[in-house]
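Structural characterization, general
Take a look at the letters that make up each chain.
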Amino acid sequence: MTAVLDISDLQVTFPTVEGPVSAVRGVDLTLDPGRVLGVVGESGSGKTVTMLATLGLLPASAEVTGSVKYKGRELLGVAPSELRKVRGSGIAMIFQDPRTSLNPVHTIGHQIVEGIRIHHPEVGRKDALKRAIDLLRLVGIPQADRRANDYPHQFSGGMCQRAMIAMAVANDPDVLVADEPTTALDVTIQAQILDLLRDIRKEKGVAIVLISHDLGVIAGVADEVAVMYAGRVVERGTVDDVYEQARHPYTRGLLASVPRLTDDNRGPLVSIGGGAPSLLHLPGGCAFHPRCSHERPNCRVDDPRLRRVGPVDAACHYAEEMGPVKADS
Amino acid sequence: MTVATDSDGAAAPVGVAEPILTVRDLVKQFPIRGGGKVQAVSGVSFDLHEGETLGLVGESGCGKSTTARCVLRLIEPTSGEVRFRGRDVLALGRKDLRTLRADLQIVFQDPYASLNPRMQVWSIIAEPLIVHGMPAKAAKTRAGELLELVRLRPEHAGRYPHEFSSGQRQRIGVARALALEPDVLVLDEPVSALDVSIQAGVLNLLEELRHRLHLSYLFIAHDLSVVRHISDRVAVMYLGKVVEIGTRDDIYNRPAMPYTQALLSAVPVPDPSIERKRKRIVLSGDLPSPADPPSGCRFRTRCWKAQDICATEEPALIDRGQGHPSACHFAEELQVVP
């Protein structure tokens, strides 16, 4: 099976007045057709920048190297006109805040029609609108034919995100990148949108990259998961393997530090000391070492690379020594 | 044993200490330009007992933050009663209100917006002390002690907020709230803006301070997992009303109100095997407008149990046989947390 999206050794550097900032430092990710890849990490870990670089959506000042292959075709460095053909029809993206992603002065229907006709100019306005209404129906907008004439402010947050998803799947992309699609939404609305993503995947066979800081959201939707820290993937594997047998101390710390709905315990939570490092002044060796409870002298100098350890890939010198995850919490 | 009955009809044995904070029938309406009113809080009642943490949960727009601000009189409630140690908070004049604020403090959600970026950290923490009459020098010393209390280095007292991480800033917010040695802290989404790995440390600190300083917390949050971890009792709000209240076991193990059940079943759990097996109650539709709430039970437009009576008769918040109060004509225990 050829990967529908294959990112290898992706590096992104932004020039700043204080010097270059490496936001993404050699990321490898593979997405197979019809699969859901969860990307977890905290603010500044590089998860969004990775996907923006993939789609060529970063400002021109960003320096991007490495390789991004969509169905075997290299996307990095291709002409903007070529990239525009892939964006929307091959890879589509939805963002965290659906309200700021929609144009407030056009109707919802008009915006979906526009997306369809950019990639399929042969489709007439009327047919495109019919298709837009079908899409709104597919994503569960009630009275879709009437609501297509509404403006974004007439939609609730959850409905705006549904409309964004309708727009994203309008041209039957192979890949849908969803960047924190439910973070701005309430938990009952989040459940609706996650259901919708599962349905869309089943119905359309679209592969999804789901970016989230919420380990629960990823657990419920993703097949595979990649954990990012300071611009790197530090652990990856199937959701079951990573959640049950994580080998990287950061992943294990994250899993242990979240209070769980199912957990009756009121004792102290396991917390990871310190804070995320500044990307301007990354610690030497393993970027996680100043916060790591398993840190040893060579962690300060040797930068661990992602390697196979048991069922997962982990970037830690001492990954073999980690027992079952449950023991940490 | 003699039994006294409070205004809610809930029996409380005599001899049990008076609640430190009581809120009765609290109402806050905001006028809308062009007529009408947003009914942000519509008759909320609860007690906060000494030394306990009461979690106030609900989704955006349910009125939880407005309730908190009304309790502190940061906004003036339209009607209702708030008593702190028996004193009528809503009747206090400006001077007495200031004394009250020494006992009742608040920590805000956003540690970036709630600290003045142009003030050094010591003066942020010392400001309430100086306002309440402490000489600047003594206040500065006390600010150092408070920094230590929240596990920050007192030698960083001369730094500015931007020199601290989000978790450290939230600790500064906590230190400021504790400066006047209050009895009650209102915590309005204190960890929502923090990254997961930082959140745990702040929650641990809050729990430790509550024990050490004998504080009572009114803990407002939308994250039901966090609330379960930190609360002794929990009140669930929907569209300006408390729809269910009880101990954390009542709410998490025996929820009786359909909204509570739906809310709990929607919370994702970081365990793929549980998530796959789980049955969810997925609500249809969106929150109705608080400017025009549904008649009768406000949840009925999204409720799978709704009958005619739900539109005509508002269900009271009373014990309906589950051992804790819930506001539903068809209240029934249901296990939804796996």
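All values derive from a computational prediction rather than experimental measurement. (Residues numbered from 1 in each chain as written. Chains lettered and ligands numbered in written order. Predicted model: local features only at pLDDT ≥ 70, side-chain atom pairs only at ≥ 80, totals over all residues.)

1. Details of the overall build of chain B
Tallying secondary structure elements over chain B gives 11 helices and 14 strands in all. Against the globule reference of 20 Å for 338 residues, chain B gives a C-alpha radius of gyration of 21 Å, in line with a compact fold. Residues counted as buried form 49% of the 338 residues belonging to chain B. For chain B, long-range pairs separated by at least 24 residues make up 63% of all intrachain contacts whose partners lie at least 6 apart in sequence. (Helix = DSSP H or I, 4+ residues; strand = E, 2+ residues; numbered from the N terminus. Rg over C-alpha atoms; globule rule 2.2 N^0.38 Å. Buried ≥ 20, exposed ≤ 12 C-beta atoms within 10 Å, placed from the backbone. Contact = placed C-beta atoms within 7 Å.)

2. A look at the packing of helix α5 (residues 125-138) of chain A against helix α7 (residues 157-169) of chain A
Residue and element names in this part refer to chain A. Look at α5 against α7: their axes get within 9 Å of each other, and the N-to-C directions meet at 125°. The angle between the axes of α5 and α7 places the two elements in the oblique class. Two packed elements cross with a definite hand, and for α5 against α7 that hand is right-handed. From α5, Leu 135, Leu 136 and Leu 138 reach across to α7, where they touch Ala 163, Ala 166 and Val 169. Looking at the contact of α5 with α7 residue by residue, the classes come out as 6 nonpolar, no polar and no charged. (Axes fitted to C-alpha atoms, helices over the stretch in contact; angles between N-to-C directions. Parallel < 35°, antiparallel > 145°, perpendicular 65-115°, else oblique. Left-handed = near helix turned anticlockwise from the far one by under 90°. Nonpolar A, V, L, I, M, F, W, Y, C, P; charged D, E, K, R; others polar.)

3. Some thoughts on the pairing of strand β12 (residues 241-247) of chain B
Residues and elements named next belong to chain B. Of all 7 residues making up β12, 6 are buried, and the element is well covered by its neighbours. With 6 bridges connecting them, strand β11 (residues 233-238) and β12 associate as antiparallel partners. If you follow Tyr 238 over to β12, its bridge partner there is Lys 241. Counted along the chain from β11 to the antiparallel partner β12, the turn is 2 residues long, and its residue Leu 239 has a positive phi close to 45°. (Pairing = 2+ DSSP bridges.)

4. Brief notes about the nonpolar core
In terms of nonpolar packing, the biggest core is built from 206 residues, with Ala 163 and Val 209 of chain A together with Val 236 of chain B touching the most fellow members. For this core, the element with the highest residue contribution is α7 of chain A, accounting for 9 residues. Residues from two domains meet in this core; each of domain 1 (5-222) and domain 2 (229-328) of chain A gives at least three. (Core = buried A, V, L, I, M, F, W, Y, C linked by C-beta atoms within 7 Å. Domains from an automatic or database assignment.)

5. Side note on the domain arrangement of chain A
All names here are of chain A. Here the domain parsing of chain A yields domain 1 (5-222) and domain 2 (229-328). Once you take the C-alpha centre of each, domain 1 and domain 2 turn out to be 28 Å apart. In this complex, domain 1 contributes 21 residues to the contact, which on the side of domain 2 involves 14 residues. Where the side of domain 1 that touches domain 2 is concerned, the elements lending two or more residues are β2 (21-31) and α9 (215-221). Residue contributions to the side of domain 1 that touches domain 2 peak at 9 residues, all from β2. Classifying every residue of the side of domain 1 that touches domain 2 by side-chain character gives 9 nonpolar, 8 polar and 4 charged.

6. A word on the packing of helix α4 (residues 108-119) of chain A against α7 of chain A
Residue and element names in this part refer to chain A. At their nearest, the axes of α4 and α7 sit 9 Å apart, and the two run at 20° to each other. When the interaxial angle is binned, α4 and α7 end up roughly parallel. The handedness of the crossing between α4 and α7 comes out as right-handed. Here Ile 108, Gln 111, Ile 112 and Gly 115 of α4 come into contact with α7, specifically with Ala 163, Ala 166 and Met 167. Here the contact of α4 with α7 is built from residues that sort into 5 nonpolar, 2 polar and no charged.

7. Quick word on the sheet that holds strand β11 (residues 307-309) of chain A
Residues and elements named next belong to chain A. On the basis of which strands lie adjacent, the open sheet formed by 8 strands has the order β6-β7-β8-β3-β9-β10-β12-β11 and mixed pairing. Two strands lie at the open edges of the sheet, namely β6 (91-94) and β11, each paired on one side alone. Strand-to-strand twist across the sheet, computed as the mean angle between neighbouring axes with direction ignored, equals 20°. Pairing of strand β7 (residues 175-179) with strand β8 (residues 207-212), which is carried by 5 bridges, proceeds in the parallel orientation. Residue pairing across strands places Leu 176 opposite Ile 208, the latter belonging to β8. Against the sheet, α7 makes contact with β6 and β7, and its axis sits at roughly 170° relative to β6, the strand it touches most.

8. So, the interface of chain A and chain B
With 37 residues of chain A at the interface, the matching set in chain B holds 38 residues. Of all the secondary-structure elements, those providing two or more residues to the side of chain A that touches chain B are α8 (187-204), α9, α10 (239-245) and α11 (249-257) of chain A. Counting residues per element, the side of chain A that touches chain B draws most heavily on α8 of chain A, which supplies 6 residues. Here the residues of the side of chain A that touches chain B are counted per class, giving 16 nonpolar, 14 polar and 7 charged.

9. Considering α5 of chain A
All names here are of chain A. Here α5 contains 14 residues, and its C-alpha end-to-end distance of 20 Å stays within 8% of the 20 Å for a straight helix at 1.5 Å per residue. Turning to α5, its buried residues number three or more, namely Ala 128, Ala 132, Ile 133, Leu 135 and Leu 136. Looking down the long axis of α5, one finds its buried residues gathered within 160° of arc, a one-sided arrangement. Buried residues in α5 make contact with α4, α6 (144-147) and α7. (Expected span 1.5 Å × (residues − 1). Arc of directions from axis to C-beta.)

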